[in-house]
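Residue-level structure breakdown
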Amino acid sequence: MNYTNYIPPIFYKAFLFVILFAHFSFAQNQTENKIDSLKNQLSQTKSPQLKNQLLNSIAISYIYSFPSEGIVFAEEAIKISQKENLLKETAMSYETLGKLYLIQLNYEKSKQAFIQSAKIFHEIKALNSYWNVRRQIGQVHYEMGDYPKAISIYFDVLKYYEQTKNNIGKATVLNNIGVLFHRQNNIPKAIEYYQKGIQLLTQNKGIKGEIYCRLQTNMGLSYSSLQHYSKAKDCFLNSLKENEKIDNLYIYTINIGNLAATYAGLKDYSTSEKYFKEAIEKSKEMNNFQSIAVNYGDLGNLYL
């Protein structure tokens, strides 16, 4: 088997973690069982508020497998909450819809849904929710390549989180800003912002969690793009270690794929092959077709 022509990807191509969703462990059977249970509860409830909550939970459960199905449930949640004049629930449902459209890369519909959500949250003075949705609007602009608009929104949100001493929110936005600088190929600046987020969370040890994993993962991707593979490996391993506490299969799978590419960069091809194969199997468990395709492609390149 000839590994000598393998060129490791600049970063694991499926994702730079921009922090969209802080949900779930995505094993397929667990997700299907959860959806079935939620649908059963939905059929038995008459409360509009509970119906809205259940519809949103079903919608977001489809986000990495069948987002088009999720959109159907999110739209139904909006109809129910609007009919009953449930403003908070309507805002939450539009936010869910925005996330689903974003994962489908339908940026215009995603932005419009988030704008509707932010407008209602602002009207009812739910400021934490308002600024969280504003951050997601910034993410849409980032995905659309409108970096000046995205960075302007991110720094506005960061200012709010600093004023309210919301360390998780602040770390999340620092992650967003780091990803934006990475996309602009300003890798040292990206690493600087990831380090700020990691330092903030490290100083507050009780609040590491998922955002710490994502900051470490993204910093590893930035180091990989500089071909600093030993530093990248340390970051991915740090992310995996913290993920043991929260058991997020999505984070685990991405870091396994990242480690596979990193070991290839270190010319440890047998370990790289092992991790690519594991990433493929875990991606199948999640029903994550994009991740399956990416890992098969990288594994194929390893054999060239």
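Report on the accompanying structure. If you're wondering where the values come from, they're calculated on a predicted model, not measured in any experiment.

1. Quick notes on the environment of Ile-71
As for its position among the elements, Ile-71 is in helix H3 (residues 67-83). Counting along the chain gives 28 residues from Ile-71 to Lys-99, while the straight-line C-alpha distance between them is 9.4 Å. If we ignore the near neighbours within four places in the chain, the residues touching Ile-71 are Leu-97, Leu-100, Tyr-101 and Gln-104.

2. Quick word on the pattern of salt bridges
Two side chains with opposite charge may pair up if their charged atoms get near one another. Applying the stated criterion to the full structure yields 10 salt bridges. Between Arg-183 and Glu-143 there is a salt bridge, and its shortest N-O distance comes to 3.8 Å. With Arg-183 in helix H8 (residues 167-183) and Glu-143 in helix H6 (residues 127-143), the pair connects residues that are 40 residues apart, well separated along the chain. For Arg-183, a relative accessible area of 38% gives the class partly exposed.

3. With respect to the packing of aromatic side chains
Tallied over the entire structure, the rule returns eight aromatic pairs. For the ring pair Tyr-142 and Tyr-147, a centre distance of 6.1 Å and an interplane angle of 45° mean the geometry is tilted. We note that Tyr-142, like Tyr-147, is buried. Linked through ring pairs, Tyr-130, Trp-131, Tyr-160 and Tyr-161 together constitute an aromatic cluster. The ring of Tyr-193 carries the charged tip of Lys-196 above its face, separated from the ring centre by 4.5 Å.

Calculation criteria
Residues numbered from 1 in each chain as written. Predicted model: local features only at pLDDT ≥ 70, side-chain atom pairs only at ≥ 80, totals over all residues. Heavy atoms only, no water. Helix = DSSP H or I, 4+ residues; strand = E, 2+ residues; numbered from the N terminus. Contact = heavy atoms within 4.5 Å. Salt bridge = Lys/Arg side-chain N within 4 Å of Asp/Glu carboxyl O. Buried < 20%, exposed > 50% of the residue type's maximum accessible area, 1.4 Å probe, protein only. Phe/Tyr/Trp six-rings, centres within 6.5 Å; stacked < 30°, edge-to-face > 60°. Lys NZ or Arg CZ within 6 Å of the ring centre and 35° of its normal.

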